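As a plain string of letters, each chain reads:
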Amino acid sequence: MNAHAIARSCIVRAMARFVWTALVASAIGACGTNVDDRSLDAQFVTAAILAPACGAAECHSTFVQKKTDVFDTVAGMRESVIKNGLVLIDSLQFDPLDPDSAQLIVWLTKNDPLGKGIGRMPIDAPMPFEDISLLKEWIRGVPSIRQGTTCATNTDCTTPGDTCHIPLGSTSGQCVIYENPARGAQCDPRSKGLTHGQACIYDKLYGCGPDWNATALIQQCPNGCTQGACL
Amino acid sequence: MKRFTFITALAIVASFTIGGGRALAYPQFQLSRDQTCTSCHLGPEGGGLLSENGDVFVENNSQYGQSAAFFYDKFKLPSWLTLGGDLRAAYGYDRTPQQYLIGFPMQFDLYASAKLAKHFRFTVTAGYRPPEVGNEAATYVWSREHYLLWSQDPDGVKGWFVRIGRFMPIFGLRYAEHPTFTRAYGGTPLYSETYGAAVEYIDDKYEAHLTGFLKDPVIDPVAHDNGVALYAEWRLQPNVSIGVEGMATRSDDDRKFRGGVTAKYYLNGPDLLFMFEGQVVDQRISHDYGAELQQLVGEVTATKFLPMGMWLDVGLGHFDEDLRIAGLDRDALDANLHWLTTSHFELLLTTRLELFNQGRTQPNGNGPAPTGGYALLQAHYRL
């Protein structure tokens, strides 16, 4: 066998080892359970999903703050989501009832969502649907909706503790409940004696946003509210 | 077509999203061409300014070799001063899964290194950075690195090194391409240089780097951690090395513990190099660090050196963001063709195909996973 043939055979053997190693590494990483029971609090969602996917240096990091959104810290995420309306929790638009309509999700799922050539995010690598689903759950987390329970007033909600949420401009809504302490019992407007559709955020930074950890940050707005301000 | 062009134009305006960054040394050259990074670079991390030996290497290994010194050696610098710079820009196709044609500047860095005394050297890297929104006037220019280096060897090639200042903690194989998973998710993402101190040892057989670092107190930083990193490499034979890596970090939001191994194997006959880096990450998140997840990050690369100053990297990257949950693993098949046309100008075609869950349907009725990828032509000019 001449030197050229030996070299070629060596390359083939080496490439075979490389491919085997790669396949084994991939297979190991492809395990896991289908039950997605990951935590739904703001710290987890930020550190595990938003920071690595959206908070890269040149994008929505504290370093660059593209479009004034920051996703690489919990404090930055809170401020961005609330100040920039990425998840709306007020009486004009209540995203927990329809997480697909939350701007945060729209940016992650629609191509060119604003029709201005600014594309689907993240722009440097796709995000797995599992993570998008978890973000929707996180948005939906407070309140949890009683499926199939339409209502006109709170008295229509027969399950103890339920509240009737009626979007502004509508005459009917759905019964909702804040049933999971991890999902926001501390932010339950009922504890303030408020009707949910009339509660809003007055503290833009640490308000009753999607981190659901705030207390005593809800005020009553008799005419409804939007983006943290009473109408 | 018209719509695609419109999106293209806007995408160019909205550039920097894939981002650029400082070229670290090419780890492909270690073992295949020399035993240590310091054979060719002034810094113990490799990357940045080249030594005289590095200049000779570039001259001999580019297709049209010419003087590789600063500005083709047209300016005679004092012997204690070394200057240089890197300019990079890229243009090409990107899919995430929306498709774009994008072009963007990547890097404009100037380097200066002054030998202050027999064993001391001060090095500064300054240049353009993507500005911070709302604070643009103060953030177009910055100094990514500035550090004081003491080296046992006056030439700074082997022996003990001590550094203090702003630099990237040495960790792992240190790929130049920052989208490599072991960099992006492996503890050394783009622009994560920070203040710290390092004690390092390098010789032909061994090298070890221990770095303690802090969250940058001066700017709004990329890395929000304080921590410590250790990387050690043992060259079993001139063509084989193995390494271990460990990093512990703590931020306001989480704690991370990283542990991993590296390996390199060079085949002299076919001029082929294999590199591997694998890392397990344990992340504690949330109130009192109650939530916990484990991640897997890995990269296998084969580099074939070609004639005319070219080399081809084929790599497979793997990142599983939560080992416990199915469908969150991603794989990237990378193929990068480098061409050192002259001692100062490099062309690089960099391509990637990225799949989730190995391209299968994602669990929980989420349907086929999105795919990503890019094909970018990058131009790199060395001053």
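Residues numbered from 1 in each chain as written. Chains lettered and ligands numbered in written order. Predicted model: local features only at pLDDT ≥ 70, side-chain atom pairs only at ≥ 80, totals over all residues.

With that out of the way, let us pick up the overall build of chain A. When helices and strands are tallied, chain A shows five helices and seven strands. Each helix and strand of chain A, placed in order from N terminus to C terminus, yields the pattern α-α-α-α-α-β-β-β-β-β-β-β. Classification of the 231 residues of chain A by burial places 49% in the buried group. Within chain A, residue pairs in contact and separated by at least 24 positions form 51% of the contacts whose partners lie at least 6 positions apart. (Helix = DSSP H or I, 4+ residues; strand = E, 2+ residues; numbered from the N terminus. Buried ≥ 20, exposed ≤ 12 C-beta atoms within 10 Å, placed from the backbone. Contact = placed C-beta atoms within 7 Å.)

Per the secondary structure count, chain B includes four helices and 18 strands. In terms of overall dimensions, chain B is globule-like: its C-alpha atoms have a radius of gyration of 21 Å, near the 21 Å expected for 383 residues. Across the 383 residues that make up chain B, the buried fraction comes to 50%. A separation threshold of at least 6 residues defines the contact pool for chain B, and within that pool the share at least 24 residues apart is 51%. (Rg over C-alpha atoms; globule rule 2.2 N^0.38 Å.)

It is characteristic of soluble globular proteins that their nonpolar side chains tend to be buried jointly. Residues and elements named next belong to chain A. Ranked by internal contacts, the top residues of the largest apolar core, which has 46 residues, are Val45, Leu50, Leu104 and Leu135. Those elements that place two or more of their residues in this core are helix H2 (42-54), helix H3 (74-83), helix H4 (103-109) and helix H5 (129-140). No other element matches H2, which puts 10 residues into this core. Setting aside residues no more than four positions away along its own chain, Leu104 makes contact with Val81, Leu86, Val87 and Leu135. (Core = buried A, V, L, I, M, F, W, Y, C linked by C-beta atoms within 7 Å.)

Before going further, it helps to examine the pairing of strand S8 (residues 226-237) of chain B. In summary, the side chains of a regular strand alternate between the two faces of the sheet. All names here are of chain B. Alignment of strand S7 (residues 206-213) against S8, held across eight bridges, turns out to be antiparallel. Looking at S8, one finds that His209 is bridged to Tyr231. Across 10 bridges, S8 lies against strand S9 (residues 240-250) in antiparallel orientation. In the strand pairing of S9, Trp234 is matched with Ile242. The hairpin turn running from S8 into S9, its antiparallel successor, is two residues long. (Pairing = 2+ DSSP bridges.)

Residue and element names in this part refer to chain B. By the bridge criterion, 11 bridges tie strand S13 (residues 310-320) to strand S14 (residues 329-340) in an arrangement that is antiparallel. Its bridge partner being in S14, His318 is matched across the sheet by Asp331. Alignment of S14 against strand S15 (residues 345-356), held across 11 bridges, turns out to be antiparallel. Within S15, the position partnered with Leu333 by the bridge is Leu353. Here S14 folds back onto S15 in antiparallel fashion, the turn holding four residues.

Before going further, it helps to spend a moment on the confidence of the model for chain B. Considering every residue of chain B, the mean pLDDT works out to 90; 91% of them sit at 70 or more. Considering only residues more than four positions removed or in separate chains, one finds that residues 1-20 of chain B, a stretch of pLDDT under 50, has 38 contacts. (pLDDT = per-residue confidence, 0-100.)

Take the confidence of the model for chain A next. All names here are of chain A. Residues with a pLDDT of 70 or more make up 52% of chain A, whose mean pLDDT is 68. For chain A, per-element mean pLDDT is lowest for strand S4 (residues 199-201), which scores 40, and highest for H4, which scores 92. Note that residues 178-220 has pLDDT below 50 and, in this model, 93 contacts with residues that lie over four places away or in other chains.

Here we come to the packing of H2 of chain A against H3 of chain A. All names here are of chain A. Where H2 contacts H3, the axes come no closer than 9 Å and their chain directions differ by 100 degrees. Our classification of the angle between H2 and H3 gives roughly perpendicular. Facing Ala42, Gln43, Thr46 and Leu50 of H2, the residues of H3 in contact are Val74, Met77 and Arg78. Here the contact of H2 with H3 is built from residues that sort into four nonpolar, two polar and one charged. (Axes fitted to C-alpha atoms, helices over the stretch in contact; angles between N-to-C directions. Parallel < 35°, antiparallel > 145°, perpendicular 65-115°, else oblique. Nonpolar A, V, L, I, M, F, W, Y, C, P; charged D, E, K, R; others polar.)

All names here are of chain A. Viewed as axis vectors pointing N to C, H2 and H5 meet at an angle of 130 degrees, and their least axial separation amounts to 11 Å. The angle between H2 and H5 places the two elements in the oblique class. The crossing of H2 and H5 is left-handed. Together, Val45, Ile49 and Ala53 of H2 and Asp131, Leu134, Leu135 and Trp138 of H5 make up the contact between the two elements. In the contact of H2 with H5, the residues fall into six nonpolar, no polar and one charged. (Left-handed = near helix turned anticlockwise from the far one by under 90°.)

Moving on, we come to unusual backbone geometry. Leaving glycine out, the prevailing phi sign among residues is negative, and the prevailing peptide bond configuration is trans. Across the junction of Met121 of chain A and Pro122 of chain A, the peptide omega takes the value -10 degrees, indicating a cis bond. In the segment running from Thr96 of chain B into Pro97 of chain B, the intervening peptide bond is cis, with an omega of 5 degrees. Relative to the helices and strands, Pro97 of chain B is located in the loop between strand S1 (81-95) and strand S2 (99-115). Even without being a glycine, Arg174 of chain B presents a positive backbone phi close to 65 degrees. Here Arg174 of chain B is to be found in the loop between strand S5 (159-167) and helix H4 (181-184).

Our focus in this paragraph is the environment of Glu132 of chain B. Position of Glu132 of chain B relative to the elements: it lies in the loop between strand S3 (120-128) and helix H3 (136-139). Judged by the 19 C-beta atoms lying within 10 Å of it, Glu132 of chain B is partly exposed. Spatially, the C-alpha atom of Glu132 of chain B lies 8.5 Å from that of Asp220 of chain B, the residues being 88 residues apart in sequence. The residues touching Glu132 of chain B, leaving out its near neighbours within four places in the chain, are Phe63, Val64 and Gln65 of chain A together with Thr139 and Asp220 of chain B.

Another point: H2 of chain A. All names here are of chain A. Along its 13 residues, H2 runs just 15 Å from first to last C-alpha, ending more than 12% under the 18 Å computed at 1.5 Å per residue. Largest kink in H2: about 25 degrees, centred on Ala48, with the proline Pro52 one to four residues after it. Most of H2 sits out of view: 13 of its 13 residues are buried. (Expected span 1.5 Å × (residues − 1). Bend = angle between axes of the 7 residues up to and from the residue.)

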